[in-house]
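Chain by chain, the residues run as shown.
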Amino acid sequence: MQRQRFTVGWRFYLGDIVDRWWWGEPDDSTWRLLDLPHDWSIELDRDPACPGGASVGFFPGGRAWYHKRFEAPEEWRGKKVLLEFEGVYMNAEVWLNDEYLGRHPYGYTSFWCDLTPYLRAGAENLLRVHVDNAAQPNSRWYSGSGIYRPVWLYVADPLHIAPWGVYVSTPEVSASEATVRARTTVLNERDSAQEVTIRSRVVAPDGLPVAVSDTQAHIDAGGRHECSQDLRVASPLLWSPDTPHLYRLETEVLAGGEVVDRAGTPFGIRSLSFDAQEGFRLNGRPLKLKGGCVHHDNGVLGAASYERSEERRVELLKASGFNAIRCAHNPPAPAFLDACDRLGMLVIDEAFDCWREGKNPYDYHTVFEDWWRRDIDSMVLRDRNHPSIIMWSIGNEVAERDGHSGGAELARALADHVRALDPTRPVTAAVNGGHSWPWERTDSVFAALDVCGYNYQAREYRPDHGRHPARVMYGSESTPGEAFDHWMSVMELPYVIGDFVWTSLDYLGEAGIGRVRAEGDRAFLGDYPWHQANCGDIDLCGFKRPQSYYRDVLWQSGSPLYIAVHPPYPDGKEPPVTYWGWPDVWPSWTWPGCEGKPLRVDVYSACERVELFLNGQSLGAKPTTREERFTATFEVPYEPGVLTACGYIGDRQTAACELKTVGPAQGIRLRPDRAVLKAEPGDLSFVTVEVIDGQGLVHPQADHTIYFTIKGEGSIAAVGNGNPVSTERYRGNQRRAFRGRCLVVVRANGTPGEIVLRAQADGLDAAETVIRVGP
């Protein structure tokens, strides 16, 4: 199929249209003109009275319309024309030229619309999409609203490869040879039977073909044919997090000697195995999963899914030592999985947060019975060629996890349906305990699974192994504060294959689940203006938080030392944090007004011992072994200057880090993550904005309002900071710094040239950066 972006030039109207005038020719000329992806919720002011409440971060939902007018060339006459929507939240309904094409309730699975019957070739066409996110509460986290992922248009011969009709697996893998199994489904929508050749060609990472197979088939008019071919690849380059080699399967359908359709499918050659004796093995080698849970939102961009924003999330996690991601609690964007394939990140792809029994009045349980098969089809058929995916999850903390309401039978039905579509990966689910029933009641649901996910239940690992010695387990959710205990269990127990922290990336919604509590605060979530979860290793802007540096130490990756200073509190009593929280420590030695007062200083250390110095004077040395949970704590009277930690293994110094007292804030520094963008609409540069002193040090207490102007071939897509209680919008041209930093996201408009971003603030030296667009 010929594939093209269908994201530019949409009209948008936010609100209900009471009269049914849209069946005529509506005047949408005054509607907002925009490009996809689009999330309207992130653009709006947060509302303390929002019916979704703290769960959705107090962001409003609503209803809206999207229109797109397009010319269908005459050469499309007689062709098959399809649209693929990667994701619409939620309750999408689609019309073409007043003809109803269908609906799709679930906001996280991709779906197709066949435009062929109603398309006007050689004329203008009007596509209309209605999105309904008004019935709330319907989510336990920020969902966003709108056509928040890309839309694609496909044009094909009536004799063509079915959508998601190529399936690649590698059933036999060794160092000397691998078998690549290609299964291709071809549809014949021509008026007569066809004799076809289905050709599959394996192309190596260097671009050279290494195997080819041709199969002849007879397909009746209106029929379909599934072809299975085994291709042998000698001395394969194996896919893994360390070596993410990608091959490509090129598929062609020939009729009468002519190619009538083709598809290209990236894939990796790798083997998976799971058992209680050896744990998880990738390509025959044991591997522990250093995992993190990830919601679908793209931080300051809201739910809007750009290729670059999805890639950046994987880059951030990879740089922080993660090798595995659990998608919570829904299938992710295709671009996210593409990035995991390219960069080398293992994935658990998850379907649902509830089954028949819901967690909110208007969540997925309202359509589950009618739609779960179709939505699992969408997840598995769309995603099964990704080598990064190692498990399919059928649910998270579902109410039926103890077997009641037919939970065991339903788990079996879902798991069997997944296996019918893809028998090459194990099926899992994330299961938590209950307050009124014994943990052992989960056995009936676990019996339907191949690998069992434990949410916050590490204490059950050893007892469950005694009862079920063949069960393979992993921590599907754990808290930052329990990182040490959970990871020690992973290292000690071969049948526990990994641990996934809640969460690796911070997210919108579940407001304040990881907050420092105010006096008397006993609530699960925070009150307005809390809107970020505040539990991620990495904050909403992509900046590492202290618990991420502790995880570096725990995993023996990244920085071996980190100094975390507890701020002074008026009464000297440090407030508690929630179960998902982390103490509000700062990497700062700038505490004006606190001279002479003792400050608690924690040093996270991957060394055997650490010695702390203040202005060159030793404050003593302390061990930082496993017995001390890799942490040393000091009481240090505050004195401006330099605080230094030196790490030792034996008598040899192996690491050092320091904090310096900063001077007055003087200027702004702009650091784009990419100085060159592709000349494509929607390519992004994430620009870190720092308030610095005269020595170029970030001022940790700076909170200036930064104003942005932009010129050239781009625009500002979003602004943000890591302040979980800010009331500022994420759209606009200004943002306050939070602890000396904020973020601005620059979006290319597709035209080659330059983008000039300028940042200024009262009392600070301004800064500019130039981003080039195109070659």
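Our subject in this report is the structure included herewith.

Calculation rules
- Along each chain, residues carry numbers from 1 onward, in the same order as the chain's sequence is written.
- For a predicted model such as this one, the threshold for reporting local features is a pLDDT of at least 70, and the threshold for listing and counting side-chain atom pairs is 80 or more; totals across whole chains, interfaces and linings nevertheless cover every residue.
- As a convention, hydrogens and water are excluded, and side-chain values are obtained from all of the structure's heavy atoms.
- Secondary structure follows DSSP: runs of H or I at least 4 residues long count as helices, runs of E at least 2 residues long count as strands, and numbering of each begins at the N terminus.
- The globule rule is 2.2 Å times the number of residues to the power 0.38, and the radius of gyration it is compared with is taken over C-alpha atoms.
- Remark: exposure states derive from per-residue accessible area (1.4 Å probe, protein chains only) relative to the maximum for the residue type, with buried under 20%, exposed over 50%, and partly exposed in between.
- We call two residues in contact whenever any of their non-hydrogen atoms come within 4.5 Å of each other.
- The accessible surface values rely on the Shrake-Rupley method and a 1.4 Å probe; as for residues, cover is taken only from the protein chains in view.
- The term nonpolar core refers to a set of buried residues drawn from Ala, Val, Leu, Ile, Met, Phe, Trp, Tyr and Cys, joined through side-chain atoms within 4.5 Å.
- The pairing criterion is simple: DSSP has to find at least two bridges between the two strands.
- Between the N-to-C directions of two axes lies an angle of 0 to 180 degrees, each axis being a line fitted to C-alpha atoms and, for a helix, fitted only over the stretch in contact.
- By definition in this entry, angles of less than 35 degrees are roughly parallel, angles greater than 145 are roughly antiparallel, angles of 65 to 115 are roughly perpendicular, and the rest are oblique.
- Put simply, a crossing is left-handed when the front helix is turned counterclockwise from the back one by less than a right angle, and right-handed when it is turned clockwise.
- Basically, the charged four are Asp, Glu, Lys and Arg, the nonpolar ten are Ala, Val, Leu, Ile, Met, Phe, Trp, Tyr, Cys and Pro, and anything else, Gly included, counts as polar.
- Throughout this description, a polar contact denotes any pair of N or O atoms lying within 3.5 Å of each other; where both atoms belong to protein, one of them has to be capable of donating a hydrogen while the other can accept it, and for residues adjacent in sequence the pair is counted only when both atoms sit in side chains.
- Two rings belonging to Phe, Tyr or Trp (six-membered ring only in the last case) form a pair when the distance between their centres is within 6.5 Å. Interplanar angles under 30 degrees mark stacking, angles over 60 mark edge-to-face geometry, and anything in between is tilted.
- Working rule: Lys NZ or Arg CZ, within 6 Å of ring centre, within 35 degrees of ring normal, means a charge sits over the ring.
- Whenever Lys or Arg places a side-chain nitrogen within 4 Å of a carboxyl oxygen from Asp or Glu, that contact is recorded as a salt bridge.

**Notes on the overall build of the protein**
- When helices and strands are counted, the protein shows eight helices and 44 strands.
- Taken over the C-alpha trace, the protein has a radius of gyration of 27 Å; the compact-globule value for 775 residues is 28 Å, and the two agree within 12%.
- Viewed in the frame of its principal axes, the protein has a C-alpha envelope of about 90 × 65 × 55 Å.
- For the protein, the residues scored as buried account for 58% of the 775 residues in total.
- Taking the contacts inside the protein whose residues are at least 6 apart along the sequence as the reference set, 71% of them involve residues at least 24 apart.
- Only carbon and sulfur atoms are counted for the fraction: they give 49% of the accessible area of the protein, which is about 29,400 Å².

**Focus on helix H2 (residues 334-343)**
- Most of H2 sits inside the fold, with seven of its 10 residues counted as buried.
- Of all the positions in H2, only Pro334, Ala335, Phe336, Leu337, Ala339, Cys340 and Asp341 are classed as buried.
- Buried-residue contacts for H2 involve strand S21 (289-294), helix H1 (307-319), strand S22 (324-327), strand S23 (346-350), helix H3 (368-383) and strand S24 (389-396).
- Following H2 by one or two positions, Gly344 adopts a phi angle in the positive range, close to 90°.

**Examining the environment of Val168**
- Examined against the element boundaries, Val168 turns out to sit in strand S11 (residues 159-173).
- Looking at Val168, the relative accessible area reads 6%, which means it is buried.
- Distance in space between the C-alpha atoms of Val168 and Thr184 is 8.8 Å, their sequence separation being 16 residues.
- Each residue touching Val168, except ones within four places of it in the same chain, is listed here: Val180, Arg181, Leu249, Thr265, Phe267, Arg384 and Asn385.

**Some points on the nonpolar core**
- If you look at the biggest cluster of nonpolar residues, it comprises 124 residues, and the most contacted ones within it are Phe352 and Ile394.
- For Ile394, the contacting residues outside a window of four places in its chain are Ala351, Phe352, Trp355, Ala411, Leu414, Ala415, Val418, Val427, Thr428, Ala429 and Leu449.
- Counting residues in hydrophobic clusters, the runner-up holds 29 residues, among them Ala72, Leu83, Val131 and Ile147.

**What to know about the sheet that holds strand S43 (residues 753-760)**
- Spatially, S37-S44-S43-S39-S41 is the arrangement adopted by the five strands of the open sheet, whose pairing is mixed. Two strands lie at the open edges of the sheet, namely strand S37 (676-677) and strand S41 (734-736), each paired on one side alone.
- When S37 meets strand S44 (residues 767-773), the two strands line up parallel, connected through two bridges. Considered in S44, the bridge of Val676 is made with Arg772.

**A closer look at the environment of Lys711**
- Note that Lys711 resides in strand S39 (residues 705-712).
- Sequence separation of Lys711 and Leu757 is 46 residues, and the distance between their C-alpha atoms is 6.7 Å.

**Structural notes on the packing of helix H7 (residues 483-492) against helix H8 (residues 546-555)**
- With their axes 11 Å apart at the nearest point, H7 and H8 run at an angle of 25° to one another. In terms of orientation, H7 and H8 fall into the roughly parallel class. The two elements H7 and H8 meet at a crossing, and its hand is right-handed. Along the contact surface, H7 presents Ala483, Phe484, Trp487 and Met488, while H8 presents Tyr550, Arg551, Leu554 and Trp555.
- Among the residues making up the contact of H7 with H8, the classes are represented as seven nonpolar, no polar and one charged.

**Overview of the pairing of strand S10 (residues 151-156)**
- Summarising burial for S10: six of the six residues are buried, a large majority.
- Taking every second residue as pointing to the same face, both faces of S10 are buried, with Val151, Leu153 and Val155 on one and Trp152, Tyr154 and Ala156 on the other.
- Sheet analysis places strand S1 (residues 2-5) next to S10, joined by four bridges and oriented antiparallel. Opposite Arg5, over in S10, you have Trp152 as the bridge partner.
- Where strand S5 (residues 80-85) meets S10, six bridges bridge the pair, whose relative direction is antiparallel. Each residue of the ladder has a partner; that of Leu82, found in S10, is Tyr154.

**Things to note about unusual backbone geometry**
- Cis geometry is found at the peptide bond from Leu36 to Pro37, where omega equals 5°.
- Position of Pro37 relative to the elements: it lies in the loop between strand S3 (32-34) and strand S4 (62-72).
- Following Tyr89, the chain continues to Met90 via a peptide bond in cis, the omega torsion being -5°.
- Positionally, Met90 belongs in the loop between S5 and strand S6 (92-96).
- We note that Glu397 has phi near 45°; this positive angle belongs to a residue other than glycine.

**Here we look at the side chain of Thr590**
- Among the structural elements, Thr590 can be located in the loop between strand S29 (561-565) and strand S30 (598-605).
- Within the structure, Thr590 has its side chain in polar contact with the backbone nitrogen of Val662 (distance 3.0 Å).
- Excluding residues within four positions of it along the chain, Thr590 makes contact with Tyr638, Lys660, Thr661, Val662, Pro700 and Gln701.

**Some points on the packing of aromatic side chains**
- Applying the stated rule across the entire model yields 43 aromatic pairs.
- Taken together, a centroid distance of 5.3 Å and an interplanar angle of 55° make the contact between Tyr89 and Tyr108 tilted. You can see Tyr89 sitting in the loop between S5 and S6 and its partner Tyr108 sitting in the loop between strand S7 (99-104) and strand S8 (111-114), a full 19 residues away along the chain. Across the pair, exposure class does not vary: Tyr89 and Tyr108 are buried alike.
- Joined through ring pairs, the aromatic side chains of Tyr89, Tyr106, Tyr108, Trp141, Phe352, Tyr364, Phe368 and Trp372 make up one cluster.
- Arg3 extends its terminal NZ or CZ atom over the ring of Trp152, reaching a point 3.4 Å from the ring centre.
- The ring of Phe634 has Lys622 lying over it, and the distance from NZ or CZ to the ring centre is 4.8 Å.

**So, the sheet that holds strand S36 (residues 667-672)**
- Strand order in the open sheet made by the four strands is S36-S38-S42-S40, with antiparallel pairing throughout. Pairing within the sheet leaves two strands with one partner each, and these edge strands are S36 and strand S40 (714-720). Shown here is a sheet whose adjacent strand axes are inclined to one another by a mean of 25°, direction ignored.
- For S36 and strand S38 (residues 684-692), the ladder comprises six bridges, and the chain directions are antiparallel. Looking across to S38, one finds that Gly667 is bridged to Ile692.
- Along the sheet, H1 contacts S38 and strand S42 (741-748); its crossing angle with S38, the most-contacted strand, is approximately 60°.

**A word on the packing of H3 against helix H4 (residues 407-421)**
- For the pair H3 and H4, the least separation of the axes is 9 Å and the interaxial angle reads 35°. In the packing of H3 onto H4, the handedness of the crossing is right-handed. Only Leu410, Ala413, Leu414, His417, Val418 and Leu421 of H4 make contact with H3, whose side of the interface consists of Phe368, Trp372, Arg373, Ile376, Asp377, Val380 and Leu381.
- Split by residue class, the contact of H3 with H4 holds 10 nonpolar, one polar and two charged.

**A few points about the pattern of salt bridges**
- Considering all chains together, one arrives at 58 salt bridges under this definition.
- Of the charged contacts in the structure, one is a salt bridge between Arg669 and Glu690, with a shortest N-O distance of 2.7 Å. Separated by 21 residues along the polypeptide, Arg669 in strand S36 and Glu690 in strand S38 bring together distant segments of the chain.
- Its relative accessible area of 28% is what places Arg669 among the partly exposed residues.
- The buried category is assigned to Glu690, whose relative accessible area is 4%.
- Beyond isolated ion pairs, a larger network of salt bridges with shared partners links Arg199, Arg201, Asp214, Glu250, Glu252 and Arg262.

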